[in-house]
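# Structural overview for review
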Amino acid sequence: MKILLFGARGQVGWQLQRSLAVLGEVVALDRHSTGACGDLRNAEGIAATVAQVAPQVVVNAAAYTAVDRAEDEPDLAFAINARACEALARAAARIDAWVIHYSTDYVYDGSGEQPWREGDPAGPLGVYGRSKLAGDEAIARETPRHLVLRTSWVFDSWGQNFAKSILKAAAVRDELAVVADQWGAPTRAALIADVTAHALRVLRDRPDPQALAGLYHLAASGFTNWHEYALLLLREAQSRGLPLRARPDRVRAIPASDYPVRAARPGNSRLDTSRLRQAFGLRLPPWQDGVRAVVAEIAHHRAN
């Protein structure tokens with residue numbers, strides 16, 4: 001299997017280089033790559049790269065993810081998250097390649113308390129969510145051979161994310177205030193990458209892989225809020241001797257209304273993953289497992 005990976009230096013892309021390596025040759029590109037275009041700001045260049053590499057699978061882990069800045073840069077957000085995806089999917093369809101693409105809980109309006117199902121109506125609250133939804137729709141429209149995997153609250157020991165920001169802030173501040181009325185499942189990038197590799201193995205080995213094409217939710221099991229998530233991070237950090245000024249008892253729970261941001265965030269980012277689990281025969285571990293593993297890795301790296 002020859003796999004073309006875009007977004008190789010992002011959180012998910014970094015882990016995909018590891019998980020996909022066992023399946024065959026991985027051509028891993030990012031926006032700074034030379035020799036082939038990996039910059040999703042250049043839709044024509046991305047399409048040319050797909051034609052040039054001629055893979056069996058195109059995995060798109062690249063995206064514009066600056067949620068607040070997207071409100072001021074809608075053209076750039078749509079160029080990367082929608083128009084480049086349309087070009088990528090159209091080019092993949094010409095060579096009969098599968099497209100694996102990652103989406104987000106931000107395509108929903110965040111209302112209610114029930115986990116979102118794939119068939120629920122979308123209602124993004126901001127430019128970022130609208131651009132990602134447009135990309136999802138473009139891929140589904142341009143090629144029948146696709147898996148769109150919507151995930152939530154992605155983190156890992158690599159890259160910038162909430163987990164690393166909380167640990168950094170707690171090391172230098174005496175007290176933290178964290179939102180407690182937004183709910184979701186912290187999902188480690190390594191889990192997303194491993195599920196992707198598993199899904200590709202299933203597609204490769206099935207006589208009718210097209211029957212599995214479509215939209216799926218992919219997130220760790222269970223759910224929590226940002227405040228409880230931060231408490232677990234700090235408890236784990238404390239137990240592993242990481243330097244903390246703001247210990248767990250110094251983390252205040254606040255409503256989202258007390259933490260103003262440029263773009264609205266969904267209050268309910270719970271995702272129902274039953275369709276993915278049933279279709280691909282897998283179990284998704286609790287979100288706490290990923291948090292503990294990442295804190296352990298960070299502590300190990302700092303100690304060495």
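Just above, that's the structure.
Residues numbered from 1 in each chain as written. Predicted model: local features only at pLDDT ≥ 70, side-chain atom pairs only at ≥ 80, totals over all residues. Heavy atoms only, no water.

### Side note on the sheet that holds strand β4 (residues 98-104)
- Ordered by their spatial adjacency, six strands build an open sheet running β2-β1-β3-β4-β5-β10, and the pairing between neighbours is parallel. Edge positions in the sheet fall to β2 (25-29) and β10 (214-217), since each has one partner strand and no second. Put simply, the sheet's adjacent strands are angled 20 degrees from each other on average, direction ignored.
- Where helix α2 (residues 43-53) meets the sheet, its contacts fall on β1 (2-6), β2 and β3 (57-60), and the angle it forms with β1 comes to roughly 160 degrees.
- Lying over the sheet, helix α6 (residues 189-205) contacts β1, β3, β4 and β5 (146-151), oriented at roughly 150 degrees with respect to β4. (Pairing = 2+ DSSP bridges. Helix = DSSP H or I, 4+ residues; strand = E, 2+ residues; numbered from the N terminus. Axes fitted to C-alpha atoms, helices over the stretch in contact; angles between N-to-C directions. Contact = heavy atoms within 4.5 Å.)

### Observations regarding the environment of Leu176
- Tracing the chain through its elements places Leu176 in strand β7 (residues 176-179).
- Along the backbone, Leu176 and Ser103 are 73 residues apart, and their C-alpha atoms lie at a distance of 30 Å.
- Contacts of Leu176, omitting those with residues within four sequence positions, involve Ile166, Ala169, Ala170, Leu234, Ala246, Arg250, Val251 and Arg252.

### Concerning the environment of Pro186
- Structurally, the position occupied by Pro186 is in the loop between β8 (183-184) and β9 (187-188).
- Separated by 39 residues in the primary sequence, Pro186 and Asn225 place their C-alpha atoms 9.1 Å from one another.

### Observations concerning the environment of Val99
- Here Val99 shows up in strand β4.
- Placed 96 residues apart in sequence, Val99 and Ile3 show a C-alpha to C-alpha distance of 9.9 Å.
- With residues up to four places along the chain from it excluded, the contact list for Val99 reads Val58, Leu88, Ala89, Ala92, Ile139, Thr143, Arg145, His146 and Leu147.

### Some words on the nonpolar core
- Residues Leu16, Val59, Tyr102, Leu147, Leu176, Tyr229 and Phe280 are the most contacted members of the largest nonpolar core, which totals 63 residues.
- By size, the runner-up hydrophobic cluster in this structure holds 34 residues, among which are Ala47, Val50, Ala66 and Ile139. (Core = buried A, V, L, I, M, F, W, Y, C linked by side-chain atoms within 4.5 Å. Buried < 20%, exposed > 50% of the residue type's maximum accessible area, 1.4 Å probe, protein only.)

### Observations regarding α2
- Taken as a whole, α2 has its buried residues at Gly45, Ile46, Ala47, Thr49, Val50 and Val53.
- Next to the buried residues of α2 lie β1, β2, β3 and α3 (74-94).
- Two residues or fewer past α2, Ala54 is found with a positive phi of approximately 50 degrees.

### Some words on the side chain of Gln15
- Its location among the elements puts Gln15 in helix α1 (residues 11-19).
- A polar contact is formed between the side chain of Gln15 and the side chain of Arg18, at a distance of 2.9 Å.
- Excluding residues that lie within four positions of it along the chain, Gln15 makes contacts with Asp156, Arg188, Ala189, Ala190 and Ala193. (Polar contact = N/O pair within 3.5 Å; in protein donor to acceptor, adjacent residues only side chain to side chain.)

### Brief notes about the packing of aromatic side chains
- Enumeration over the complete set of coordinates arrives at 12 aromatic pairs.
- Centre to centre, the rings of Phe162 and Tyr229 are 4.8 Å apart; their planes meet at 35 degrees, and the pair counts as tilted. A residue pair is termed long-range when its members are at least 10 positions apart, and Phe162 in helix α5 (residues 162-172) and Tyr229 in helix α7 (residues 226-239) qualify at 67 residues.
- Of the residues examined, Tyr229 reaches a relative accessible area of 0% and is grouped as buried.
- Their ring planes at 65 degrees and their centres at 5.3 Å tell us that Tyr216 and Phe280 sit as a pair that is edge-to-face. Of this pair, Tyr216 sits in strand β10 while Phe280 is found in helix α8 (residues 274-280), placing the two residues 64 residues apart along the sequence. When sorted by exposure, Tyr216 lands in the same class as Phe280, which is buried.
- The rings of Trp153, Phe155, Phe162, Trp226, Tyr229 and Trp287 are connected pair by pair, giving a single aromatic cluster.
- One cation-aromatic arrangement involves Arg270 over Phe223; the distance from NZ or CZ to the ring centre is 4.6 Å.
- Stacked on the ring of Tyr216, the Lys or Arg Arg275 has its end atom at 4.2 Å from the ring centre. (Phe/Tyr/Trp six-rings, centres within 6.5 Å; stacked < 30°, edge-to-face > 60°. Lys NZ or Arg CZ within 6 Å of the ring centre and 35° of its normal.)

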